[in-house]
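Per-entry structural report
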Amino acid sequence: MKLELLKVSVKGVKWGGSTEVLKDGTLQVSKEDLLAFVADDDNLKSINADIALPGESVRIVPVKDVIEPRYKVEGSGQVFPGMVSDVESVGEGKTLVLEGAAVVTCGRIVGFQEGIIDMSGKGADYTPFSKTCNVVLVFEPKDGLEKHDYEKACRLAGLKAAMYLAKSVYESGRGADKTEVYEVKPFTESMKSHAALPKVAYLYMLQTQGLLHDTYVYGIDAKRILPTIIHPNETMDGAIVSGNCVSACDKNSTYVHLNNPVIKSLYGRHGKDINFVGVIITNENVTLADKKRSSSFAVKIAGMFGVDGLVISEEGFGNPDADLIMNCRRAEMAGIKTVLITDEFAGRDGASQSLADAAAEANAVVTAGNANMIVTLLPMQRIIGYDEYANVIAGGFDGSLKPDGSLEVELQAITGATCELGFNKLGAETW
Amino acid sequence: MLGGGVPVVLFPFFYACITNNKDLAECVDHAELINGPAISVLTIARDMIHQGWKLVASPLYGNFKPAQQPYRTLILSREKKDRHIPADRYSLELIESAMNIFRECEIKRIPGDMPDEIDNDYKYVDFALIEDTLRECGILRCDLHRYSGG
C-alpha cells in the first residue's frame, strides 16, 4: 500500500474573498464559506472563527482538538472516514496536506478538561501548536444540548473545517511544494524482506475510558473493538480521530494521530536497522476484564506476526498506566522485547512515582516529560475562547489566574506539552 | 457494612457499587453512597477486597489527579459462595496503589467544594466514565443523560 502526501507549505493565514494558498504561502480563507461549510444549526447556537499566528500575543483556551487540513485527491475513500466521509478504507493514493496550518477547536464541553495554547511567550515553547498557523473555531452550544452531543458537534465541525480548507486549496489548482511517499509491502513480502533485521511492530494504545474519553477508528468507538491491525498509512488519512476531553498535555489530538512520530520514525528506520512490519491498535478501557482481553489479544497478534520487538505508546495517565504495564509484561513474557513511551506525573519536584503502575519488565521507557511541572504564562493581549476556566482547568488550580492576566499552571494544562507519541520537545535521559 | 450486593440471575456474582457521587447513586441499584472524600470510597473498597470482593474496574479510571476530581465510584464483584474467598491479589495491588496516590496528594477535594457548574461537570464525568460498566453488571437503573441537566 502506497500513499503520497502532497504537502503545500503554509506560512500564514488571513481572511479573504476565496479560500486558496497565495504565492507567498499565505492560506487565504473565505470566512463566510468556511462557516457555511461547518454550520450545525441543530446543535450549535453559534460558531465564531478567528486566526492565531505564531508569535502573536494570543491565548487560545479551552482547546478541545487540533486538526491538520487534509484532503484525498486520489485513491479510495476520503479523509476522516466514518466521521465526515464514507467508511471506505483509506491509506493509499494521494492526499493533499496543508503543512503548517491547523484547525483548533475551542469550547467549554467539560471546562476543566480542555487545554491552553499560547502563541508566544514561555507557554508557546511547550505546545507544538504555537508554531502552526491556526484557524480557531469557537463553538457555543444550543441551550440544553447534552455534553456528549456538544462534543460530537465540535468534533465533526472541526474535521469538516480541516477537510474544507484542504479541499478548497486543491480545487483552486495549487500544486504541492514537496511530496512524501509512504509504502509498506504486503505481509508476504515484508516478512521475507530484510531477513537479517529484527521484526518490530507498533502497539498503538488509544484513549477509550468512556463517554467524552473516546477515540474513533473509521467512526467506531475504539472502546468497542478487539485489538486489530491497521496499516500505518491509514492513520495519515485520518482513520483515527480524537473524540476525547481528557488532560490537554497528553491527549493525542487528531493532528498528532495524522502525524504520529512513532510511525514516521519506524518508517525512517525500516530496512536500515529494523523491519517495520505493522501497527496494532488497542484500547484503554476501565474494566479489568476489558484490560485483560485487549492486552492478551494485542500480544497474541504481535506473536502471530512473529515480531522480536514492540514499541508501545500510551495515551493519558492513571488508569491507562495499568494497560501499558500489562501490555509490556505480557509481551516480555511472550519473548517480545518492549519499549514504552509515556509521560510522568511525578509531582512538582519530580520526586514522586511517575506512573500509577510499574513492573520489572518495563526496563526500556521513553518519557515525554513531567506534567506536574509548574510554568507561569504571562498575560496575552488577546484571548480566543474563555479564560475564566483557567482556575479549574486540569493542571490549573485555585488562584491560577492572576489579576494581571498571567497564569500559573502545571504543564498538564498546555495542549500537547507531554504528548506520549513524542510530538513535543520535552524528554529526559538517564545515563 | 454493605447490606449485600445485587444478585444477578445470569451470572454467579454479586455486584456492589461504592460511590460518593449522589447523582450516580440515584441511578444504581443498591449503591452505597459515601458522605466523604474519594479516599473514603477507596478505603471501604479495600476492606471489601480483603473480604473476598474483586474490583470490576480500575480505581484510577479517568485522567484526573486526586487534586482535581472529588468523586470516585468503584464497582466490585463477589462470587456467590458462602465459603471464605481469599483476597484477589491484583485488586489489592490496584487499590493500594490508588490509595497511595490519593494519600500523597496535598490538596484534598471533597464533594461540593467547587462552584456548582464545575462540581456538576465532575459528577457528570464520573458517571460517564463508569456508566457502561454499571450497565454491563446489570445494576444501572437509569441512564446518564437524565441527570446531566443539559
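Described below are features of the structure shown in this document. (Residues numbered from 1 in each chain as written. Chains lettered and ligands numbered in written order. Predicted model: local features only at pLDDT ≥ 70, side-chain atom pairs only at ≥ 80, totals over all residues. Heavy atoms only, no water.)

Examining the overall build of chain A
Along chain A, the regular secondary structure elements total nine helices and 24 strands. Taken against the 2.2 N^0.38 rule, which gives 22 Å for 431 residues, the C-alpha radius of gyration of chain A at 21 Å falls within 12% of a compact globule. Overall size of chain A, expressed as C-alpha extent along the three principal axes, is 55 × 50 × 40 Å. Here chain A holds 431 residues, and 63% of them are scored as buried. Sequence separation of 24 or more characterises 78% of the internal contacts of chain A that already satisfy a separation of 6 or more. Summing over all exposed atoms, chain A offers an accessible surface of approximately 15200 Å²; the carbon and sulfur share of this is 51%. Of the charged side chains in chain A, 43 are positive and 57 negative, and the gap between their average positions amounts to 3 Å. (Helix = DSSP H or I, 4+ residues; strand = E, 2+ residues; numbered from the N terminus. Rg over C-alpha atoms; globule rule 2.2 N^0.38 Å. Buried < 20%, exposed > 50% of the residue type's maximum accessible area, 1.4 Å probe, protein only. Contact = heavy atoms within 4.5 Å. Areas by Shrake-Rupley, 256 points an atom, 1.4 Å probe, with all protein chains shown as cover. Lys, Arg positive; Asp, Glu negative; His and termini not counted. Charge placed at Lys NZ, Arg CZ, Asp CG, Glu CD.)

Considerations on the interface of chain B and chain A
Each partner contributes to the interface: chain B provides 32 residues, whereas chain A provides 45 residues. Surface buried jointly by chain B and chain A totals about 2900 Å² across both partners, of which 56% is contributed by carbon and sulfur atoms. Taken together, the connections running from chain B to chain A amount to four salt bridges. Scanning the region where chain B abuts chain A turns up eleven residue pairs in polar contact (both at pLDDT 80 or more). Sorting the residues of the side of chain B that touches chain A by element identifies helix 3 (89-104) and helix 4 (116-136) of chain B as the ones contributing at least two each. Across the side of chain B that touches chain A, the residue classes tally to 16 nonpolar, nine polar and seven charged. (Buried area = accessible area lost by both parts, 1.4 Å probe. Salt bridge = Lys/Arg side-chain N within 4 Å of Asp/Glu carboxyl O. Polar contact = N/O pair within 3.5 Å; in protein donor to acceptor, adjacent residues only side chain to side chain. Nonpolar A, V, L, I, M, F, W, Y, C, P; charged D, E, K, R; others polar.)

Concerning the state of the cysteines
Applying the stated rule across the entire model yields one disulfide over all chains. The side chain of B:Cys27 participates in a disulfide bridge whose partner is B:Cys142; the two sulfur atoms lie 2.5 Å from each other. Taking the sign of the torsion about the S-S bond as the criterion, the disulfide between B:Cys27 and B:Cys142, at about -90°, is left-handed. With B:Cys27 in the loop between helix 1 (22-25) and strand 3 (32-33) and B:Cys142 in the segment after helix 4, this pair connects stretches of sequence that are 115 residues apart. Here B:Cys27 falls in the buried class, since its relative accessible area comes to 0%. A:Cys328 carries a free sulfur, and the closest cysteine sulfur to it, the one in A:Cys419, is 20 Å from it. (Disulfide = S-S within 2.5 Å.)

Here's the deal with the pattern of salt bridges
If you walk through the whole model with that rule in mind, you get 37 salt bridges over all chains. Of the charged contacts, one joins A:Glu99 and A:Lys178 as a salt bridge, the two residues approaching to 3.4 Å between their closest N and O atoms. Of the two residues, A:Glu99 is situated in strand 8 (residues 93-99) and A:Lys178 in strand 12 (residues 178-183); the sequence distance between them amounts to 79 residues. Its relative accessible area of 24% is what places A:Glu99 among the partly exposed residues. The exposure class of A:Lys178 is partly exposed, given its relative accessible area of 41%. Salt bridges here are not isolated pairs; linked through shared partners, they connect A:Asp214, A:Asp221, A:Lys223, A:Arg224, B:Glu131, B:Asp132, B:Arg135 and B:Asp143.

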